[in-house]
Amino acid sequence: MPNNANSEDWSKPSAKAITKESLADAEQGRYGPIFPKSPACYGFSIIAKIIPGREPVFYEYARNIEKGVAQKPDLLAVLKLHYLRWNLFEINGETYFQYMGIFDTDFDKYTEDAIGIFTASGLNTVFENLEGFPADWKTNAPAFVKFVRDHHRPSFLEYGEYPYASSDEIKKALRLKAAFGEMLDQMQ
Amino acid sequence: MLEIDDIQHFVIERAKALAARYEFLSFRDAKGARAWLSALSGTVSSAAQMRAAPSSDRRWVTLAFTWNGLRALGVDEASLATFPEEFKQGMAARAEVLGDIGANAPEHWVGGLASPDLHAIAILFAGDVAERERCRQEHEALVAQCEGVVVLSSLDMEATPPFDHAHDHFGYRDRLSQPVIEGTGEEPTPGSGGPLKAGEFILGYQDESGQEPVLPQPEILSRNGSYIAYRRLEEHVGKFRDFLRQNGDTPDEQELIAAKLMGRWRSGAPLILAPEKDDPALGADPQRNNDFNYKEMDPKGYAIPLGAHIRRMNPRDTAPSMNRRRMIRRGATYGPPLPEGTPEDGVERGIAAFLVCGSLIRQFEFAQNVWINDKNFHELGNERDPIVGAQDGTLEFKIPKRPIRKKITGLPAFTTVRGGAYFFLPGIKALHYLATLGNHSESE
Ligand code: HEM
């Protein structure tokens, strides 16, 4: 039961230290502990080693996602995202993949919905190029979720300049601003 | 092809029963358990048999097992390990996920349902109370002959009058919206969406993702089976009626409050199609009573509040992956009806229901965790399902209304969870496989 009490004040920047203890007594979600909501909303940081030599697949994937979203701007709408970032980096000659997301639904729901998008759209996931990723992910959602959970590194500190504001609320505010500007123009 | 001759009728067909008895069993001896199963499995009809059966049939038997129950029957550890995690843990262990906290917590459950000794359920549906009594006696005699088979508890169910339509103790007409499984030949009523892939409810078929999910092993055990979540929910009828009186000055206003909590008038008429005044003829007409959506017809919830029970349990065109979250509902009411005008008598009454699905974690647990108990569902801020949410008297229920909305604060709990369990409902061949387990292995 995501327990996001609503009255957090977006106008007051806020930071939250996340301790090992607070993670240990986190509420239980369907697939494990619920990673708590912070002033920077919900999120994850997945870090995993890639299968050697697969770098080009990642760059091709980037172009596919760019194209996919351009053609269908609501492709990822279900995920209630703010931002996603993908990185590749090297440690000791081995390439690692980092995937960070900031969004408004809880972690398990995000992962389930993401699997839904990947299977429904026929998109393959870059995750297939990570070591240890379950080959039967399309028919075995719990195994996908487990991989994601096993490779998630919870943050120990998160900050929000406009804390807890959801991406829907921000879009609403921007729409209102646009409408207001339009109204002022009309009144000239 | 849907193997309707191997699927228990329970998943596909609704028995024309006015009474039922649920028997909750424990097995202390694998041989005795299999003897019980052998004796009963012949009485379990497949969906095909039920369709072909004469209308004079008077009783319908359904059998299902907990994970511990499968072990008690002699299923080996390697096979047990292939079942999904949530089913292995069982409903009581999932309490926090499900919102079964406070008065709803497993420590308060009755009938041994929270115990690891709960192994099986026999659902005996009967044409009437006399037939149920006959079945009860027959089952009692069978149990007495089977070594180590113990009845932990049982629950008698009776339809509540008037008998011309299904309804609960609060008075709401029920069984109006139900998913249809592709391949059963059933036609969805207008507004119910197309038939869904069988894998959403039955193991061994493609589901709405277009894939065939991995099966627990061996396949003879899992194919044509389903998972069912059992919920025994007490309904506090006196408290419910007091609440309506406190929040509505006239009988009409009280009816409207009841309708807003559910999203349908107690007659069954959906508020979107009858926003101001009840329309019992609409409520009773399956060609019309489910023919609505939310995004186009009521985006802001002026007719059906965003937090109303049916809008949460099936957000229709306002939820992603909706077809991956549907459930088939079965069940009945138990306990004596509380006549209108009678004060609360303290007798337990309620609904004892089953939610049938292909994946407990994706369907039933999602519904409990997100739709029923996420306080911020649809950005509502401080609400849970007004009928079945974990209510502790601190939450709200908002009724959108022009020019200003009505906000009810301090919503009481109208229901309490009195028990529940996860069962696996095997196919017909799987029942025989389980009954003859000892013949293939010497694992005791
Ligand atoms: C005492 C407890 C409950 C009562 C009194 C109740 C009552 C009702 C009623 C009157 C309806 C409308 C009739 C219909 O659409 O067929 C309904 C719909 C529904 N309920 Fe419940 N219910 C209860 C518990 C639950 C639980 C625990 C679940 C699932 C976890 C659930 C899931 C649903 C679903 C999926 C629908 C259909 C919504 C639709 O398709 O529009 N209900 N319920």
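About the thresholds
- Residues numbered from 1 in each chain as written.
- Chains lettered and ligands numbered in written order.
- Predicted model: local features only at pLDDT ≥ 70, side-chain atom pairs only at ≥ 80, totals over all residues.
- Heavy atoms only, no water.
- Donors = N, O, S within 2.8 Å, 3.2 Å for Na, K, Ca; no water.
- Helix = DSSP H or I, 4+ residues; strand = E, 2+ residues; numbered from the N terminus.
- Phe/Tyr/Trp six-rings, centres within 6.5 Å; stacked < 30°, edge-to-face > 60°.
- Buried < 20%, exposed > 50% of the residue type's maximum accessible area, 1.4 Å probe, protein only.
- Lys NZ or Arg CZ within 6 Å of the ring centre and 35° of its normal.
- Pairing = 2+ DSSP bridges.
- pLDDT = per-residue confidence, 0-100.
- Contact = heavy atoms within 4.5 Å.
- Buried area = accessible area lost by both parts, 1.4 Å probe.
- Salt bridge = Lys/Arg side-chain N within 4 Å of Asp/Glu carboxyl O.
- Polar contact = N/O pair within 3.5 Å; in protein donor to acceptor, adjacent residues only side chain to side chain.
- Near = heavy atom within 4 Å.
- Nonpolar A, V, L, I, M, F, W, Y, C, P; charged D, E, K, R; others polar.

Here we take up the coordination of the iron atom of the ligand. By definition of the ideal shapes, a tetrahedral metal site with four donors has angles of 109.5 degrees and an octahedral site with six donors has angles of 90 or 180 degrees. There is one protein donor for the iron atom of the ligand, and it is B:His309 (NE2), at 2.1 Å. Within the secondary structure layout, B:His309 lies in helix H13 (residues 309-313).

Residue and element names in this part refer to chain B. Under the criterion given, the structure shown has 37 aromatic pairs over all chains. Aromatic pair Phe 240 and Phe 414: ring centres 5.3 Å apart, planes at 85°, arrangement edge-to-face. Separated by 174 residues along the polypeptide, Phe 240 in helix H10 (residues 237-247) and Phe 414 in the loop between strand E9 (406-409) and strand E10 (415-425) bring together distant segments of the chain. Overall, Phe 240 belongs to the buried group, its relative accessible area being 0%. According to the relative accessible area criterion, Phe 414 is buried, its value standing at 1%. Stacked on the ring of Tyr 334, the Lys or Arg Arg 232 has its end atom at 5.1 Å from the ring centre. The ring of Phe 366 carries Arg 325 above its face, with NZ or CZ at 3.6 Å from the centroid.

What follows deals with the pairing of strand E6 (residues 94-103) of chain A. Residue and element names in this part refer to chain A. Counting buried positions along E6 yields seven of 10 residues, so the element is predominantly enclosed. Where strand E4 (residues 42-49) and E6 come together, eight bridges link them in antiparallel fashion. Looking at the pairing, Lys 49 lines up with Tyr 96 of E6. Judged from the 10 bridges that link them, strand E5 (residues 81-91) and E6 form a sheet pairing that is antiparallel. In the sheet register, Arg 85 faces E6, and the bridge partner there is Met 100. Between E5 and E6, which follow one another and run antiparallel, lie two residues, and Asn 92 among them has a positive phi close to 50°.

As a further point, take the confidence of the model for chain B. Residues of chain B with pLDDT of at least 70 account for 99%, and the chain-wide mean is 95. Across the predicted assembly, pTM comes out at 0.93 and ipTM at 0.82.

Turning our attention to the interface of chain B and chain A. Listed per partner, the contact involves 26 residues of chain B and 23 residues of chain A. Summed over both partners, the interface of chain B with chain A buries about 2100 Å², with 53% contributed by carbon and sulfur atoms. Our count for the chain B to chain A interface comes out at two salt bridges. For A:Glu112, the salt bridge identified is with B:Arg325, shortest N-O distance 2.8 Å. Run the count over chain B and chain A and you get five residue pairs in polar contact (both at pLDDT 80 or more). Of all elements in the fold, only helix H7 (95-98) and helix H14 (364-372) of chain B reach the threshold of two or more residues within the side of chain B that touches chain A.

Residues and elements named next belong to chain B. Around the ligand, the surrounding shell holds 25 residues, and the nearest of these are Leu 176, Ser 177, His 309, Arg 316 and Arg 329. Between the ligand and Arg 316, the relevant distance is 2.8 Å, taken from an oxygen atom to a side-chain nitrogen or oxygen of the residue. Of the residues that constitute the shell around the ligand, the class distribution is 12 nonpolar, five polar and eight charged.

What follows concerns the pattern of salt bridges. Residue and element names in this part refer to chain B. With the rule as written, the count across this model stands at 43 salt bridges over all chains. A salt bridge links Glu 85 to Lys 88; its shortest N-O distance comes to 3.9 Å. In this pair, Glu 85 and Lys 88 both sit in helix H6 (residues 85-89), three residues apart, roughly one turn of the helix. A salt bridge links Arg 349 to Glu 344; the shortest N-O distance between them is 3.8 Å. Owing to a relative accessible area of 37%, Glu 344 belongs among the partly exposed residues under this scheme. Linked through salt bridges whose partners overlap, the residues forming this network are Arg 21, Glu 23, Arg 132, Asp 156 and Glu 158.

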